[in-house]
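# Understanding the architecture of this molecule
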Amino acid sequence: MNSALAEISEDHYSSLHQLNTVPKQKVLSVSHLRKSYNAHQTVLHDISFDLHRGEMVGVIGRSGAGKSTLLHVLNGTHSATSGEINSFPEVGTPRDVSRLKGRALNQWRSECGMIFQDFCLVPRLDVLTNVLLGRLSQTSTLKSLFKVFTDEDRARAIALLEWLNMLPHALQRAETLSGGQMQRVAICRALIQNPSILLADEPVASLDPKNTQRIMGVLREVSEQGISVMVNLHSVELVKEYCTRVIGVSQGRIVFDDHPSRLTQDVLQILYGDEISQLH
Ligand SMILES: Nc1ncnc2c1ncn2[C@@H]1O[C@H](COP(=O)(O)OP(=O)(O)OP(=O)(O)O)[C@@H](O)[C@H]1O
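Residues numbered from 1 in each chain as written. Predicted model: local features only at pLDDT ≥ 70, side-chain atom pairs only at ≥ 80, totals over all residues.

## Regarding the pairing of strand β10 (residues 253-258)
Inclusion rule: A pair of strands is considered paired only if DSSP assigns at least 2 bridges between the two. Helix and strand definitions follow DSSP, with helices as H or I runs of at least four residues and strands as E runs of at least two, each counted in order from the N terminus.
Looking at chain direction, strand β9 (residues 245-250) and β10 are connected through five bridges and run antiparallel. Across the sheet, V249 pairs through a bridge with I254, a residue of β10. Here β9 folds back onto β10 in antiparallel fashion, the turn holding two residues, of which Q251 has a positive phi close to 45 degrees.

## Re the sheet that holds strand β8 (residues 228-232)
We count it as follows: Only the stretch in contact is used when fitting a helix axis, every axis being a line fitted to C-alpha atoms; angles between N-to-C directions are given from 0 to 180 degrees. Contacts here follow a simple rule: the backbone-placed C-beta atoms of the two residues must lie within 7 Å.
Overall, mixed pairing links the six strands, which are arranged β6-β7-β8-β3-β9-β10 in an open sheet. The open sheet has two edge strands, β6 (112-115) and β10, and neither has a second partner. Adjacent strand axes in the sheet meet at a mean angle of 20 degrees when their direction is disregarded. Across the sheet, helix α3 (residues 67-75) lies against β3 (56-60), β6, β7 (197-201), β8 and β9, angled at about 150 degrees from β7, the strand it touches most.

## Digging into the environment of S31
Operational definition: Once C-beta atoms are placed from the backbone, each residue is buried if 20 or more other C-beta atoms lie within 10 Å of its own, exposed if 12 or fewer, and partly exposed for counts between those two.
Assignment of secondary structure puts S31 in strand β1 (residues 26-38). Given 15 C-beta atoms within 10 Å, S31 falls into the partly exposed group. With 167 residues separating them in the primary sequence, S31 and L198 have C-alpha atoms 19 Å apart.

## Here's the deal with the sheet that holds β1
In spatial order, the strands read β2-β1-β4-β5; together these four strands make up an open sheet with antiparallel pairing. Either end of the sheet is taken by a strand with one partner, and the two such strands are β2 (41-52) and β5 (95-96). Two elements, β1 and strand β4 (residues 82-87), share five bridges in a ladder whose sense is antiparallel. Looking across to β4, one finds that S31 is bridged to E84. Sheet strands touched by α3: β1, β2 and β4. Its angle to β2, the strand with the most contacts, is close to 65 degrees.

## Section: the confidence of the model for the protein chain
Using the following cut-off: Values of pLDDT, the confidence the predictor places in each residue, fall between 0 and 100.
Taken over all residues, the pLDDT of the protein chain has a mean of 87, while the share at 70 or more is 87%. Per-element mean pLDDT across the protein chain ranges from 29 in helix α1 (residues 3-6) up to 98 in β3. For the stretch residues 1-17, pLDDT sits under 50, and the model shows 15 contacts to residues farther than four places along the chain or on other chains.

## Some remarks on the nonpolar core
This is how it is decided: As used here, a nonpolar core is made of buried Ala, Val, Leu, Ile, Met, Phe, Trp, Tyr and Cys residues. They are joined through C-beta atoms within 7 Å.
By size, the foremost hydrophobic cluster in this structure holds 72 residues, and its most contacted members are V57, V131, V185, C188, L199, L219 and V229. Residue contributions to this core peak at seven residues, all from helix α8 (residues 179-191). With sequence-adjacent residues up to four places away left out, L199 is seen in contact with L71, L74, N75, C112, G113, M114 and M230.

## Examining the site of the ligand
The criterion, for reference: Near residues are defined by distance alone, with the backbone-placed C-beta atom required to lie within 6 Å of the molecule or strand. Only Asp, Glu, Lys and Arg are considered charged, only Ala, Val, Leu, Ile, Met, Phe, Trp, Tyr, Cys and Pro nonpolar, and every remaining residue, Gly among them, polar.
The ligand sits among Y37, V43, G61, S63, G64, A65, G66, K67, S68 and T69. Broken down by element, the shell around the ligand gets its largest block of residues, three residues, from α3. A breakdown of the residues in the shell around the ligand according to their chemical character gives three nonpolar, six polar and one charged.

## Some points on the environment of I254
Following the sequence through the fold, I254 ends up in strand β10. The class for I254 is buried, based on 21 C-beta atoms found within 10 Å. Residues I254 and R189 lie 65 residues apart in sequence; the distance between their C-alpha atoms is 30 Å. Sequence-distant contacts of I254, that is, excluding residues within four places in its chain, are made with I47, F49, I247, G248 and V249.

## So, the environment of G179
Within the element layout of this structure, G179 appears in helix α8. Between the C-alpha atoms of G179 and V204, which are 25 residues apart in sequence, the distance is 9.2 Å. Dropping the residues within four chain positions of it, G179 is found in contact with S206, L207 and N211.

## Digging into helix α9 (residues 209-224)
Note the following rule: Working rule for helices: expected span equals 1.5 Å times residues minus one.
Compared with an ideal rise of 1.5 Å per residue, which puts 16 residues at 22 Å, α9 spans 22 Å between its outermost C-alpha atoms and is within 8% of the ideal. Those residues of α9 that are buried lie in contact with β3, α8, β7, β8 and α10 (236-242). Following α9 by one or two positions, G226 adopts a phi angle in the positive range, close to 105 degrees.

So this is what it looks like as structure tokens:
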């Protein structure tokens, strides 16, 4: 961030950013990304876009369009077949993260945190430990083996749980939580890595309306703090309510990339075809 922007408070920066009155700071540049799981099927074709600091990007498209694959490839859980994913960290040199392996890949995964559709919590471990597991990639192998965490890690985990009203459940086993509570723990686990990007794969798919609003509100707050959020959603209403930008994917290609207010019926028809009547 340049020095003039640094003097603007985070909230102020965020609201200015959303009004497009300040230059956008690029954090990721994806170019000509392609993903095939096998020789017969290409799931992502020639995907190119830039992601900016503090954006809240909704990714929409019908089932099988390639939304989950896109997030997995960005985070490195699935490898790209070709193309580049260039990261522009606040500190350090820009680099292509699409071919990383080993430690470097783990480091990228903590910069580009992901919350998975099925939460991926360890059921028999308590909430606090589940959050601390997010620190493992930044902890030495020996310490991670014995789950040794620093006081600083614990303090941060507790602060995150408190922020998401989960502190009363800190010592409860993850398997005893509701879906909404599990999702909040998964968000804490991703945030304890101090990511600059947070990817969320259908984070509200299994939640009731109250928890849906709660989780979407949390993701918006995260983006307002300067973290770029990309969230796969099946609800166009939620995209319009919460996102500052929407990327529409159809058959593995980006067919729309603009402000949610520009999502017209024609665009939705291209994106959803016959399924348009099932949209909410
Ligand atoms: N691990 C995999 N191996 C082979 N094919 C896969 C794999 N993961 C996804 N696919 C295929 O890639 C295509 C896109 O799937 P993806 O899960 O990315 O779509 P999506 O838009 O997220 O769908 P949904 O909204 O239903 O979650 C589908 O045809 C799917 O069958």
